[in-house]
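Fold and geometry: a report
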Amino acid sequence: RLPILPAGDPTWFSLESIAAYASTACVLLQTSYCIIQDSEDDDSSNITEESAQERVVEIIYEHSLPLFRRMIEQGQVRVVYLDHEKYKMKSCS
């Protein structure tokens, strides 16, 4: 899940590779925002679904490398959120 990957994780380099070799492509990232809602750093009772989703996009942008960031800025990247309750994702229960 992208929101929990640290900067420098190989996944970010894979996304950068997509941007380098398929710069006109559109990318769909499927992830979950439950890690934001379950975060101990924040008062999770005040985090709405929308604000959690916005935070995930911020984390993805912050950890992305320059070419993939450009794809985000140009609207070539979409983020879709899994229904973590429906799929009973381990860290979200």
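Before reading on, note that the structure itself is shown above.
To keep things clear, this report deals only with the structure shown in the data block. (Residues numbered from 1 in each chain as written. Predicted model: local features only at pLDDT ≥ 70, side-chain atom pairs only at ≥ 80, totals over all residues. Heavy atoms only, no water.)

What follows deals with the overall build of the protein chain. Each helix and strand in the protein chain was counted, giving four helices and two strands. For the protein chain, the N- to C-terminal ordering of α and β elements is α-β-α-α-α-β. Within the protein chain, the fraction of its 93 residues that count as buried is 31%. Expressed as a percentage of contacts within the protein chain between residues at least 6 apart in sequence, the contacts between residues at least 24 apart total 68%. Of the roughly 6,100 Å² of accessible surface on the protein chain, a fraction of 50% belongs to carbon and sulfur atoms. (Helix = DSSP H or I, 4+ residues; strand = E, 2+ residues; numbered from the N terminus. Buried < 20%, exposed > 50% of the residue type's maximum accessible area, 1.4 Å probe, protein only. Contact = heavy atoms within 4.5 Å. Areas by Shrake-Rupley, 256 points an atom, 1.4 Å probe, with all protein chains shown as cover.)

What follows deals with the pairing of strand S1 (residues 27–31). Here S1 shows one buried face, formed by Val27, Leu29 and Thr31, and one open face, formed by Leu28 and Gln30. Two strands pair when backbone bridges link them, and S1 and strand S2 (residues 77–81) are joined in this way by five bridges, in the parallel orientation. Across the sheet, Val27 pairs through a bridge with Val77, a residue of S2. (Pairing = 2+ DSSP bridges.)

Along the polypeptide, Glu16 turns up in helix H1 (residues 10–21). Despite its burial, Glu16 remains without a salt bridge, the nearest opposite charge being carried by Arg70 at 7.5 Å. In terms of polar contacts, Glu16 uses its side chain to reach the backbone amide nitrogen of Leu67, at 2.9 Å. (Lys, Arg positive; Asp, Glu negative; His and termini not counted. Salt bridge = Lys/Arg side-chain N within 4 Å of Asp/Glu carboxyl O. Polar contact = N/O pair within 3.5 Å; in protein donor to acceptor, adjacent residues only side chain to side chain.)

The biggest cluster of nonpolar side chains holds 15 residues, and the ones touching the most others in it are Leu2, Leu29 and Phe68. Mapped by element, the contributors of at least two residues to this core are H1, S1, helix H3 (49–63) and helix H4 (66–73). Ignoring anything within four residues of it in the chain, the contact list for Leu2 reads Thr11, Trp12, Leu15, Leu29, Thr31 and Ile60. (Core = buried A, V, L, I, M, F, W, Y, C linked by side-chain atoms within 4.5 Å.)

Moving on: the side chain of Gln76. Turning to its location among the elements, Gln76 is positioned in the loop between H4 and S2. Take Gln76: its relative accessible area is 11%, and that puts it in the buried class. In terms of polar contacts, Gln76 uses its side chain to reach the backbone carbonyl oxygen of Ala25, at 2.9 Å. Once residues lying within four places of it in the same chain are set aside, the contact partners of Gln76 are Ser23, Thr24, Ala25, Cys26, Val27 and Met71.

Here we come to the packing of aromatic side chains. Applying the stated criterion to the full structure yields zero aromatic pairs. One residue, Arg69, lies across the ring of Tyr61, its end atom 4.8 Å from the ring centre. (Phe/Tyr/Trp six-rings, centres within 6.5 Å; stacked < 30°, edge-to-face > 60°. Lys NZ or Arg CZ within 6 Å of the ring centre and 35° of its normal.)

Nothing here speaks to function; it is all geometry.
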